[in-house]
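# A look at the structure
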Amino acid sequence: MGRSPYARVVLSESPVPSQDRPAGDRLRVSIQQPALPAYRIPVFAALASRPGIELSVHFATEKEIDNVGAEGFAAKPTKQPTPLFGGMFWNQAQVGLAKRSSCDVLVLEWNIRLLSLVPAILKARMAGLRVIVWGHGFSKHESPIKAFFRRSAARLAHGVMFYNRGTAERHVRSHGFDPSRVYVAINSLDQRPIAGARERCVAEPDGVRALRDEHRIDGPLILYVSRLLEENRAELLFDALVVLRERFPGVTVAIIGAGPDEERLRNEAGAKGVAEHVRFLGKIYGEDRLSWWFSASDVFCYPQNIGLAMMHAMGYGVPVVTSDSPDLHGPEIEALVNGENGLLYKHGDGADLAEKLAAILSDPDLRARMSEAALETVRERFSLDRMVDGYEAAVRGSAPVDSFR
């Protein structure tokens, strides 16, 4: 298996080390989060199922994210953070949870826009709690002052938990973080419902054919699934279509999602003369419906700002194409190994995007190899169990699961 150009941290194959707390001793863990989205439910439920862990998640409402009900763990809604000045906020839930009566371990949202973060860490430490901060560790619009405050806040905690290995490694090697206090809960999806839906679609090929017939798709299918936001640069798909339609006359791009950029994208497709090759499908929810689109697709393309959508596509064995600029993606970009489970195109270059898409669309053997590699990625290296292993190590204060070398 090749290595991702975005990460040099090696994930240890050993399980979570034995814990310091006596067997059967209850560890009360409180997690403060900006929201409770559906994709986090399996993570928290799996963590709560680990022996000796009593979990409660305290969540507010983040713009653009729908909260769902908890399953398998306790969850409590909190008040929205209070706006202060200059885009800063105060989250009283952070400070309110920092007490011995609430928990033994407190996991806080690592967001420097919350002026409550440092007071909450200090209060929790004074109360004798173990404190973990959890977050990306960087901003896509980073500045030296933001980085300084983010790292300074993290150093006050007992542990720092990252979404990916590459960012964790940078903090160890370049920013002087103690590796014994650095943890990685590799950002993953629960692949069980995806695997079940994929197997159903494989067993019912008529369903895929019916979908293609219904939407007048008689050639290669390129899929995009996400909110329609300008920063995702979905219009680059239309630049690629201008080139691809000459070689693949029946090529189609299916766009699943809605958002503030939809009108502009529709206009762009028309202006570039490729509207007949594009299907704007709006919001589609539920694995039972999305599965047919993933199963019908030849390649998944997310021009910029890719995140967990990549794990979704790989769960169906669909190769992924995205930009080669890692700082413009979410931490999940670490899962893409160029040439193995997908391809990276030259950032912002529609012609190169077309070339990379054509390479996959024109070569069934390459597509099949990438499909198997994509499935292996989410089954083995970026699984839910690995994410929860990292999380458990952080809250227990065990040796980090990841090794840095």
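You'll find the structure just up there.
Just so we're clear, the structure is a prediction, and the values are computed from it rather than from any experiment.

To continue, consider the sheet that holds strand β11 (residues 221-225). Strand pairing in a sheet relies on backbone hydrogen bonds. The paired strands run either parallel or antiparallel. A sheet is described by the order of its strands in space; here 6 strands give the open sequence β13-β12-β11-β14-β15-β16, paired in parallel fashion. Each edge of the open sheet carries a strand with a single partner, namely β13 (278-282) and β16 (342-345). On average, adjacent strands in this sheet sit at an angle of 25° to one another, irrespective of strand direction. With 4 bridges joining them, strand β12 (residues 252-256) and β13 adopt parallel strand pairing. Paired with Ile-256 across the strands is Gly-282, a residue of β13.

Attention now moves to the sheet that holds strand β4 (residues 74-77). Here we have 7 strands laid out as an open sheet, ordered β4-β3-β2-β7-β8-β9-β10, and parallel in their pairing. With one partner strand each, in any of the chains shown, β4 and β10 (182-184) form the two edges of the open sheet. Along the sheet, successive strands turn relative to each other by an average axial angle of 20°, direction set aside. Both strand β9 (residues 159-162) and β10 contribute to a ladder of 3 bridges, which runs parallel. For Val-160, the partnering residue across the bridge sits in β10 and is Val-182. Where helix α5 (residues 165-173) meets the sheet, it contacts β9 and β10, and its direction lies at approximately 170° from that of β10.

So, on to the side chain of Ser-188. Within the secondary structure, Ser-188 sits in the loop between β10 and α6 (192-203). Relative accessible area serves as the criterion here: at 0%, Ser-188 is assigned to the buried category. A polar contact is formed between the side chain of Ser-188 and the backbone oxygen of Ser-383, at a distance of 3.2 Å. Excluding anything up to four places from it in sequence, Ser-188 contacts Leu-308, Phe-382, Ser-383, Leu-384 and Met-387.

With that out of the way, let us pick up the packing of aromatic side chains. Here the structure, examined in full by the defined rule, presents 11 aromatic pairs. Measuring from ring centre to ring centre gives 6.5 Å for Phe-44 and Trp-134, while their planes differ by 80°; the resulting arrangement is edge-to-face. Of this pair, Phe-44 sits in helix α1 (residues 41-48) while Trp-134 is found in strand β8 (residues 130-135), placing the two residues 90 residues apart along the sequence. Residue classification places Phe-44 among the buried positions, given a relative accessible area of 0%. Residue class for Trp-134 comes out buried when judged on its relative accessible area of 2%. Through a chain of ring-to-ring contacts, three or more aromatic side chains come together here, namely Phe-44, Phe-73, Trp-134, Tyr-163 and Tyr-391. Here Arg-165 stacks its cationic end above the ring of Phe-382, 4.9 Å away from the centre of that ring.

Thresholds applied
- Residues numbered from 1 in each chain as written.
- Predicted model: local features only at pLDDT ≥ 70, side-chain atom pairs only at ≥ 80, totals over all residues.
- Heavy atoms only, no water.
- Pairing = 2+ DSSP bridges.
- Helix = DSSP H or I, 4+ residues; strand = E, 2+ residues; numbered from the N terminus.
- Axes fitted to C-alpha atoms, helices over the stretch in contact; angles between N-to-C directions.
- Contact = heavy atoms within 4.5 Å.
- Buried < 20%, exposed > 50% of the residue type's maximum accessible area, 1.4 Å probe, protein only.
- Polar contact = N/O pair within 3.5 Å; in protein donor to acceptor, adjacent residues only side chain to side chain.
- Phe/Tyr/Trp six-rings, centres within 6.5 Å; stacked < 30°, edge-to-face > 60°.
- Lys NZ or Arg CZ within 6 Å of the ring centre and 35° of its normal.

Functional significance is not addressed by these values, which are geometric in nature.
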